[in-house]
Amino acid sequence: MLNFTKKGKTLVTSDTHWHHAPKWENPIWKMRGHSSPTEHDDFIVSEINRRVGKDDDLIHLGDLCLNSKIEDFEQLIASINCQNVYMLWGNHPNPHYKRVYLPLVKTLLGNSYMEGMEVYPLRYKNVIYLGHYAEVILEGQYTVLSHYPIYIWNEMQRGAWMLCGHSHYGCEFSRAENANGKILDVGWDGHNSVWTLEEIRAVMDKKQFVAVDHHRADMPQQPVAAEKG
């Protein structure tokens, strides 16, 4: 299990949709108030570089870029100063899955490789692939990471956070103002930037655990990281 500590800042985001195809109907750059796809893409990179240092950890919960060429992906990761971008897969086409990630897996496993095999975590330049789902410790806080909002997640009855994206802040259940459940959509559309852990904690402190199945609200609220290590 990955344990993110205080060696540097840890920041989180999702659904940046860098290089989102401008020919799409209702293109996302326009919905986000930008005058062009280039302005949109440049703003995202500049905002990430403004808030995330070279040695910090940036956790990205999916849809980093989509419907773009592999050259666009390479340009994007080269323009991000952070050298530790931990990334989940999203739901949109990712050029680097077939062109970057799978060749890395095949090289690593060699003759042991079989179709469909995946290996995580796996680094490529400044990107560390985490797969489709992860459970991590964020400065002592047990946290479930998923591109999609999850209604019931591991250790929720003991205070675990659920961080997600996908809905572009359109799902009431995962919005910051919903006090029922320690879940948060950390996607770009709800914050117009990356989230710091301090910002996330300020939101989560106002939320409460709500029992939705047999897990009881009177269970201990802080999971012990060592128990899960």
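All values derive from a computational prediction rather than experimental measurement.

1. Here we look at the confidence of the model for the protein chain
On average, residues of the protein chain carry a pLDDT of 91, and 91% of them reach 70 or more. In the model, residues 224–229 has pLDDT below 50 throughout and makes seven contacts with residues more than four positions away in sequence or in other chains.

2. What about the side chain of histidine 34?
Note on placement: histidine 34 falls in the loop between helix 1 (28–31) and helix 2 (37–51). Residue classification places histidine 34 among the buried positions, given a relative accessible area of 12%. Here glutamate 39 takes part through its side chain, which lies 3.2 Å from a polar atom of the side chain of histidine 34. Excluding anything up to four places from it in sequence, histidine 34 contacts Trp29, Glu39, His40 and Phe43.

3. Observations regarding the packing of helix 3 (residues 70–79) against helix 4 (residues 95–109)
The contact between helix 3 and helix 4 brings their axes to 9 Å, and the two run at 75°. Judged by the angle between their axes, helix 3 and helix 4 are roughly perpendicular. Judged by residue contacts, Ile70, Phe73 and Glu74 of helix 3 engage Pro95, His96, Arg99 and Val100 from helix 4. Of the residues belonging to the contact of helix 3 with helix 4, the class tally is four nonpolar, one polar and two charged.

4. Digging into helix 3
Taken residue by residue, helix 3 has Ile70, Asp72, Phe73, Leu76 and Ile77 as its buried positions. Projected down its long axis, helix 3 shows its buried positions confined to an angular sector of 155°, all on one face. Exposed side of helix 3, more than 90 degrees from the buried face: Glu71 and Ala78 are the residues found there. Buried residues belonging to helix 3 abut helix 2, helix 4, strand 5 (122–124) and strand 6 (127–131).

5. A few points about the sheet that holds strand 5
With mixed pairing, the six strands of this open sheet are ordered in space as 5-6-4-3-2-11. Taken across any chain shown, the strands that pair with only one partner, and hence form the sheet edges, are strand 5 and strand 11 (195–196). Strand direction decides the pairing type here: strand 5 and strand 6, joined by three bridges, are antiparallel. Paired with leucine 122 across the bridge in strand 6 is tyrosine 129. Contacting strand 4 (85–88), strand 5 and strand 6, helix 4 runs over the sheet at an angle of about 120° to strand 5.

6. Digging into the pairing of strand 7 (residues 133–138)
In the sheet, strand 1 (residues 3–4) pairs with strand 7 via two bridges, with the strands oriented parallel. The residue bridging phenylalanine 4 from the neighbouring strand is leucine 138, located in strand 7. Of the strand pairs in this sheet, strand 7 and strand 8 (residues 141–146) are connected by six bridges, and their pairing is antiparallel. Its bridge partner being in strand 8, glutamate 135 is matched across the sheet by valine 144. Linking two consecutive strands that pair antiparallel, namely strand 7 and strand 8, is a turn of two residues; a positive phi of about 50° is found at glutamate 139 within it.

7. Points about unusual backbone geometry
Trans peptide bonds make up the majority, and among non-glycine residues the majority have a negative phi. The step from tyrosine 120 to proline 121 runs through a cis peptide bond, and the omega angle for that step is -10°. Relative to the helices and strands, proline 121 is located in the loop between helix 4 and strand 5. Of note in this structure, histidine 17 is not a glycine but carries a positive phi near 50°. Mapped onto the secondary structure, histidine 17 falls in the loop between strand 2 (10–13) and helix 1.

Each value, and the rule that gives it
Here the residue index of a chain counts from 1 through its sequence in written order. pLDDT decides what is reported in this predicted model: residues at 70 or higher carry local features, side-chain atom pairs at 80 or more are listed and counted, and totals for whole chains, interfaces and linings draw on all residues regardless. Where side-chain values are given, they derive from all heavy atoms of the structure, hydrogens and water being excluded. Confidence of the predictor at the level of single residues is given by pLDDT, which spans 0 to 100. Here, two residues are considered to be in contact whenever any of their heavy atoms come within 4.5 Å of each other. Strands are runs of DSSP state E lasting at least two residues, helices are runs of H or I lasting at least four, and both sets are numbered from the N terminus onward. Categorising residues by exposure relies on relative accessible area from a 1.4 Å probe, with only protein chains included: less than 20% of the type maximum marks a residue as buried, more than 50% marks it as exposed, and the intermediate range marks it as partly exposed. Think of a polar contact as two N or O atoms within 3.5 Å of one another; within protein, one of them needs to be a possible hydrogen donor and the other a possible acceptor, and neighboring residues in sequence only count if both atoms come from side chains. Note on geometry: axes are C-alpha line fits, over the in-contact stretch for helices, and angles between N-to-C directions span 0 to 180 degrees. The scheme is simple: roughly parallel for angles under 35 degrees, roughly antiparallel for over 145, roughly perpendicular for 65 to 115, oblique for anything else. Throughout, the ten residues Ala, Val, Leu, Ile, Met, Phe, Trp, Tyr, Cys and Pro are labelled nonpolar, Asp, Glu, Lys and Arg are labelled charged, and all others, Gly among them, are labelled polar. Starting at the helix axis, one direction is taken to each C-beta atom, and the arc is that of these directions. One requirement defines pairing of two strands: DSSP has to find at least two bridges between them.

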